[in-house]
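The chain contents come next:
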Amino acid sequence: MTWWRPGVLYQIYPRSFADSNGDGIGDLDGITAHLDHLRGSPGSLGVDAIWISPFFRSPGADFGYDVSDYTDIDPVYGDLAAFDRLLAAAHERGLRVLLDLIPGHTSVEHPWFRAARSSRTDPHRRLYIWADPAPDGGPPNGWTSTFGGSAWEWDEGSGQYYLHSFYPEQPDLDWHEPAVHERIGEVVRFWLQRGVDGFRVDAIDRSIKDPLLRENPAAMSTQRRFDYFRGQYHLWNKDRPEALDVVRSIRRSAERVKPGSLLLGESYIPIERLARYLGDHPGDAFDLVFDFPFLDSGWDAGALRHAVEAAEAHFPPSGWPCRALSNHDNPRHATRFGRGSLRAAAMLSLTLRGTPVLYMGEEIGMADVPATEGEALDRAGRDAARTPMRWRNEPGAGFTSGEPWLRIGDTSSVNVADQSDDPHSLLSLYRRLIALRGASAALSGGSYRGLDMPPEGGVLAYVRESGTERRLVVIECRGQDGRHDPFAAARGRLPETGRLALSTDTSRRASGDLDLSGVELSANEGIIVDL
Ligand code: NOJ
Ligand code: CA
């Protein structure tokens, strides 16, 4: 089995993980200095790989997602030597490293774009998407960008519009152009040759658009959320059939250098269309694609079950789901679901069939820290989920000795040091769940079967099975104490008793036998039962 199926991934937002030089901004040496938290020492979480959000040279209009040099480190984060040290230290611990590949757009300051806009005949011109004004002199069509306004920006110097799916500072590359395949292929090969283990691939559904620039229809209320935003249904500039060719191109580049590299795609599209990005067979396109059902499911047993089983239903038998409770683009789940459900949410994430991607700080229960008026830096309003990691309960939180780039928030109980020493902390629960998952073929790689618990009970229950090993997971989501009957819900497919392997309520429960027709759960408690 590939390492990433049973594995657990961990997302690092490098600006906010650890600052080694006191400038208030996280950096690569900071990450290297904190690898003990992740793997290879007795108190580690035990994750298998880190995905580091972009640290390439960038003017920072989109905090690194606007790249001006794909193969160099932005000085604020360090340099290539610091990266090599980080990679070596991670690999020494058996921790794999994934980078963020941004194939869809560069920064306006990338030399390719500077050359492209310098003259209409410059050979770099064709790397980007240019068009003449509409007859009325306005943008070539009505496409809107993710962050608002027209997706077209007028370039005065060369007298045409260029396309940007995100900020105007992020001109879109033209994946209909073979030279783009070559240039991004070189980037892929550069980092794999340097030793990285794969990539999280940014915004893949936005990578390629209709070459005829056809108009999008206006949004209709029946369309799914991910497809319509900014007033229109993004039919022609999002999730085009050719996007699979983009993925396959990246795959071919990766295979030339390091067969078996992990490619994890990011895309906000409905689950029904996500599986396509896995290609026709394993190793054809992406290995994993993010499924983001938890970002808007709410903490509700029925909604969660639906979200989980949609992936089961829509992925091919060879496919493997990949989910995150939080990331750097959305409010943290401690804020969305509420603090009461954090322990149960951890159990859910780490016991489902699929690869979980933890977001830095969720293991200690970090919630959003909203910026106050005048403090906001991200124009799309995502600062609150990106605030610095809290290592210790002290000014600077052990994150920085200087002035942090974003407000840190309350460090009093939400910090790594205090939770490390407490066997009943959320952090300790994460460690135990990850260890249990790693030691269990059923939890890390087994099949999934949902149980039809009565909706009014507010409980989610499922069985994971591999060979003779079977584990039952039961999670209370309504925030009420109660008695539940998974035995009846399984209609004869469960034994009458099982042994408690772990409860989220680590201080209350001892392990022991459980009668499965009358399982007592406290509010927001989750349990794993050996059958
Ligand atoms: C998705 C990234 O996660 C987000 O932070 C970024 O703004 C867009 N893609 C554009 O690159
Ligand atoms: Ca720094």
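Cut-off values and rules
- Residues numbered from 1 in each chain as written.
- Chains lettered and ligands numbered in written order.
- Predicted model: local features only at pLDDT ≥ 70, side-chain atom pairs only at ≥ 80, totals over all residues.
- Heavy atoms only, no water.
- Near = heavy atom within 4 Å.
- Polar contact = N/O pair within 3.5 Å; in protein donor to acceptor, adjacent residues only side chain to side chain.
- Areas by Shrake-Rupley, 256 points an atom, 1.4 Å probe, with all protein chains shown as cover.
- Nonpolar A, V, L, I, M, F, W, Y, C, P; charged D, E, K, R; others polar.
- Pairing = 2+ DSSP bridges.
- Helix = DSSP H or I, 4+ residues; strand = E, 2+ residues; numbered from the N terminus.
- Axes fitted to C-alpha atoms, helices over the stretch in contact; angles between N-to-C directions.
- Contact = heavy atoms within 4.5 Å.
- Buried < 20%, exposed > 50% of the residue type's maximum accessible area, 1.4 Å probe, protein only.
- Phe/Tyr/Trp six-rings, centres within 6.5 Å; stacked < 30°, edge-to-face > 60°.
- Lys NZ or Arg CZ within 6 Å of the ring centre and 35° of its normal.

A. Geometry of the site of ligand 1. Around ligand 1, a shell composed of Asp62, Tyr65, His105, Phe147, Phe166, Arg200, Asp202, Glu266, His328, Asp329, Arg382 and Arg386 is seen. With respect to ligand 1, the side chain of Asp329 contributes an N or O atom lying 2.4 Å from an oxygen atom. Isolated, ligand 1 exposes 300 Å² of accessible area, and the fraction of that covered by the protein chains is 97%. Taken together, the residues that form the shell around ligand 1 break down as three nonpolar, two polar and seven charged.

B. Structural view of the sheet that holds strand S18 (residues 469-476). A sheet is described by the order of its strands in space; here six strands give the open sequence S16-S17-S18-S23-S20-S21, paired in antiparallel fashion. Strands at the two margins of the open sheet, each flanked by one partner only, are strand S16 (447-450) and strand S21 (513-515). Within this sheet the neighbouring strands show an average axis-to-axis angle of 35°, counted without direction. Looking at chain direction, S18 and strand S23 (residues 526-530) are connected through five bridges and run antiparallel. Along S23, the bridge assignment pairs Val474 with Ile527. Sitting on the sheet, helix H7 (residues 301-314) is in contact with S16 and strand S17 (459-466), with an inclination near 140° to S16. Sheet contacts for helix H11 (residues 426-439): S18, strand S20 (497-503) and S23; angle to S20, the most-contacted strand, approximately 130°.

C. Spotlight on the pairing of S23. Burial within S23 is extensive, with four of its five residues counted as buried. Direction of pairing for S20 relative to S23: antiparallel, over a ladder of four bridges. The partner of Arg499 across the bridge, within S23, is Asp530.

D. The arrangement of the side chain of Gln11 in detail. Relative to the helices and strands, Gln11 resides in strand S1 (residues 9-12). Classification of Gln11 as buried rests on a relative accessible area of 1%. In contact with Gln11, other than residues within four places in its own chain, are Trp51, Ser53, Asn327, His328, Val357, Leu358, Tyr359 and Met360.

E. Seen up close, the packing of aromatic side chains. Per the stated rule, a full pass over the model turns up 23 aromatic pairs. With a centroid separation of 5.1 Å and 75° between ring planes, the pair formed by Phe83 and Trp191 is classed as edge-to-face. Pair noted here: Phe83 is in helix H2 (residues 80-92) and Trp191 is in helix H4 (residues 178-194), with a separation of 108 residues, a long-range link. Judged by its relative accessible area of 0%, Phe83 falls in the buried class. Where Trp154 meets Tyr161, the ring centres are 5.0 Å apart and the plane angle is 65°; that geometry is what we call edge-to-face. Exposure remark for Trp154: the relative accessible area of 36% places this residue in the partly exposed category. Grouping aromatic residues by their ring pairs yields a cluster made of Phe55, Phe56, Phe83, Phe190 and Trp191. Positioned above the aromatic ring of Trp130, the side-chain terminus of Arg125 is 3.4 Å from the ring centre. Over the ring of Phe166 we find Arg206; its NZ or CZ atom is 5.4 Å from the centre of that ring.

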